[in-house]
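Commentary on secondary and tertiary structure
Listed here are the chains, written in short residue letters.
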Amino acid sequence: MSDRVNLLRPDDEGHYSPHTHALDAALHRRFAEGSHPVDAIAREMVREESRRRFFSRGARGIGALALASLLGDRANAASADRPSIGGLPGLPHFAPKAKRCIYLHLVGSPPQLETYDYKPQMKEWFNKDLPDSIRKGQRLTTMTSGQSRFPIAPSIFGFKQYGKSGAWISDLLPNIGKMADDIAIIRSMHTEAINHEPAITFFQTGSMIAGRPCIGSWLSYGLGSMNQDLPTFVVLQAKHNHPKANVQAISARLWSAGFLSGQYSGVGLRSAGDPVLFISNPDGVPTTVRRQMLDALGQMNQLGYQKLGDPETKTRIAQYEMAFRMQASVPELTDLSKEPASTWSAYGEDARKAGSFAQTCLMSRRLLERGVRFVQVYHRGWDVHGNLPEVLPSQCKEIDQPCYALVQDLKQRGMLDDTLVILAGEFGRTIYSQGKLTDTDYGRDHHPRCFSLWMAGGGIKGGVVHGETDDFSYNITQDPVHVRDFQATILHLFGIDHQRLSYGYQGLDVRLTGVEKAAPVKAILA
């Protein structure tokens, strides 16, 4: 019988012999359905394959039981402490304060002089040249390096003090000002990158050169997932309103897993049409047929994995299964009809508009409620090289109320304590005007030497203002915070020692924070 079974098996490339095809065709012409002479052989093959699978799976199960008996209570304790799916053994390194994160990135970089770094003394410097003693020969972009002078452009917007810390926050952001005691403002961020693409890439991946895993991918790889029906890491892109806003292009490289497995990449949800392309069944294909198709495809991929051993095959199988489950989970996620009236009152009527910043904030909260660990939001239009007094108020209005609503919403639901919220750009803007300066119009060039961002929740000490800059908001005078320190702080809040989370690639143990000195910013930790 075994020789006849071998006759029906394909070769190493999956092909059947001509003799097998000819025999099969001839016999099908001669025999009625169910009376084919090879039916008995096929049934034997099923039994043989079933026995193989039984003993193979049984062996793995026995091995798991043996390992559990050796580990004893330690295995159960790890499961209780970190109820995640996947992740690395031994992580987190210590008790985390944050379990999930919403990272709101303002692409183009808002000017710190109009948001969180108040410099009232600059009004006396209007249209005077930036002193050489302040610039100190630092490099400029090609957009302003050819200017004959660098006239000081004081902010035309007012500031007020808020909270117990007396934080100075712009009149453009009154709602964020109301929650000054919930956020920690860092006014002494700095970076080496002076152009958008490398600066955003540096913030997200720890390298100015594309190809490294981003923060969301590192957390997915290290800590695993907290749900089975949605991705661990989701990306949302918010629209902006002002037609004159200068827009920077962004690409999926910013939420790539780099050299990590593709399963750790961010999954983008669209604001129009299907939230995820091709997730819906084609017309005329019911769910039962799609399930059968995926089962067959999974078996073929499993055979391919057994033959080639490519781990990305396993990733592909898992992603197909995730996509199938998302057919049910995504429509429920994106159905906002059951949100109460208080939601729209808090987030504003813009939250009803698909793709608005307000709606992405609301969607971020809904994603976290359903077990997504990391949500990355990108909002463009902040590259204010010109028309700043006209464009910036519109940009700030789009984010002010939703940011406040998001933090208060998380607090009300008991989620803020273990949810980290970040609002940041990729660098700062210059005190001097790019192009012509008038009483009512000016622009600002890129400035990597100092800028501001804020963080809230998830182990962050609210009501803190960290760092100082000089009178021109050009150089840092106290408590500098590098991008690597910012990244180390995020990992620390998730219970990860940034020096101990690495991945072997091209002979190196690669880390998010790289090989240069970095440390969590302890002054802003609760």
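This text gives an overview of the structure that appears in the document. (Residues numbered from 1 in each chain as written. Predicted model: local features only at pLDDT ≥ 70, side-chain atom pairs only at ≥ 80, totals over all residues. Heavy atoms only, no water.)

Let's shift gears to unusual backbone geometry. Following Leu 91, the chain continues into Pro 92 via a peptide bond in cis, with omega recorded as 0°. By the secondary structure assignment, Pro 92 is in the loop between helix H4 (73-81) and strand E1 (100-106). Backbone geometry at Ser 109 places phi at a positive 80°, although glycine is not the residue there. Within the secondary structure, Ser 109 is located in the loop between E1 and helix H5 (132-135). The backbone of Asp 479 sits at a positive phi, close to 55°, despite the residue not being glycine. The topology assignment puts Asp 479 in the loop between strand E14 (476-478) and strand E15 (481-482). We classify Asp 479 as partly exposed; its relative accessible area is 33%. (Helix = DSSP H or I, 4+ residues; strand = E, 2+ residues; numbered from the N terminus. Buried < 20%, exposed > 50% of the residue type's maximum accessible area, 1.4 Å probe, protein only.)

Before going further, it helps to spend a moment on the packing of aromatic side chains. Inspection of every chain in the model, using the stated rule, returns 15 aromatic pairs. With centroids separated by 6.4 Å and ring planes inclined at 80°, the aromatic side chains of Trp 218 and Phe 259 adopt a geometry described as edge-to-face. Here Phe 259 lies in the loop between strand E5 (233-238) and strand E6 (267-269) and Trp 218 lies in helix H8 (residues 215-223), a separation of 41 residues in the sequence. Considered together, Trp 218 and Phe 259 belong to a single accessibility category, that of buried residues. Seen in terms of ring centroids, Trp 255 and Tyr 378 are 5.8 Å apart; in terms of plane orientation they differ by 40°. Their pairing is tilted. Note that Trp 255 is positioned in the loop between E5 and E6 and Tyr 378 in strand E7 (residues 374-379), a separation of 123 residues in sequence. The exposure classification of Trp 255 matches that of Tyr 378, with both residues buried. Each member of the aromatic cluster is reached from another via a ring pair, and the members are Trp 218, Tyr 221, Phe 259, Tyr 264, Tyr 503 and Tyr 505. The cationic tip of Lys 178 hangs over the ring face of Tyr 404; the distance from NZ or CZ to the ring centre is 4.6 Å. (Phe/Tyr/Trp six-rings, centres within 6.5 Å; stacked < 30°, edge-to-face > 60°. Lys NZ or Arg CZ within 6 Å of the ring centre and 35° of its normal.)

With that settled, the discussion passes to the nonpolar core. Core analysis: the biggest nonpolar cluster contains 60 residues, and Leu 104, Ile 176, Leu 367, Cys 403, Leu 423 and Trp 454 have the highest contact counts within it. The leading source of residues in this core is helix H13 (residues 388-412), at 9 residues. Look past the residues within four positions of Ile 176 in its chain and what remains in contact with it is Tyr 116, Ile 169, Ile 183, Asp 400, Cys 403, Leu 423 and Trp 454. Among the nonpolar cores identified, the runner-up in size contains 53 residues, and Tyr 103, Ala 199, Ile 215 and Phe 486 belong to it. (Core = buried A, V, L, I, M, F, W, Y, C linked by side-chain atoms within 4.5 Å. Contact = heavy atoms within 4.5 Å.)

What follows deals with the pattern of salt bridges. If you walk through the whole model with that rule in mind, you get 24 salt bridges. In this structure, the salt-bridge partner of Asp 117 is Lys 119, at a minimum N-O distance of 3.6 Å. Accessibility assignment for this pair places Asp 117 and Lys 119 in one class, buried. In this structure, Arg 366 and Glu 339 form a salt bridge, with 2.7 Å as the shortest nitrogen-oxygen distance. Of the two residues, Arg 366 is situated in helix H12 (residues 357-369) and Glu 339 in the loop between helix H10 (311-334) and helix H11 (341-347); the sequence distance between them amounts to 27 residues. (Salt bridge = Lys/Arg side-chain N within 4 Å of Asp/Glu carboxyl O.)

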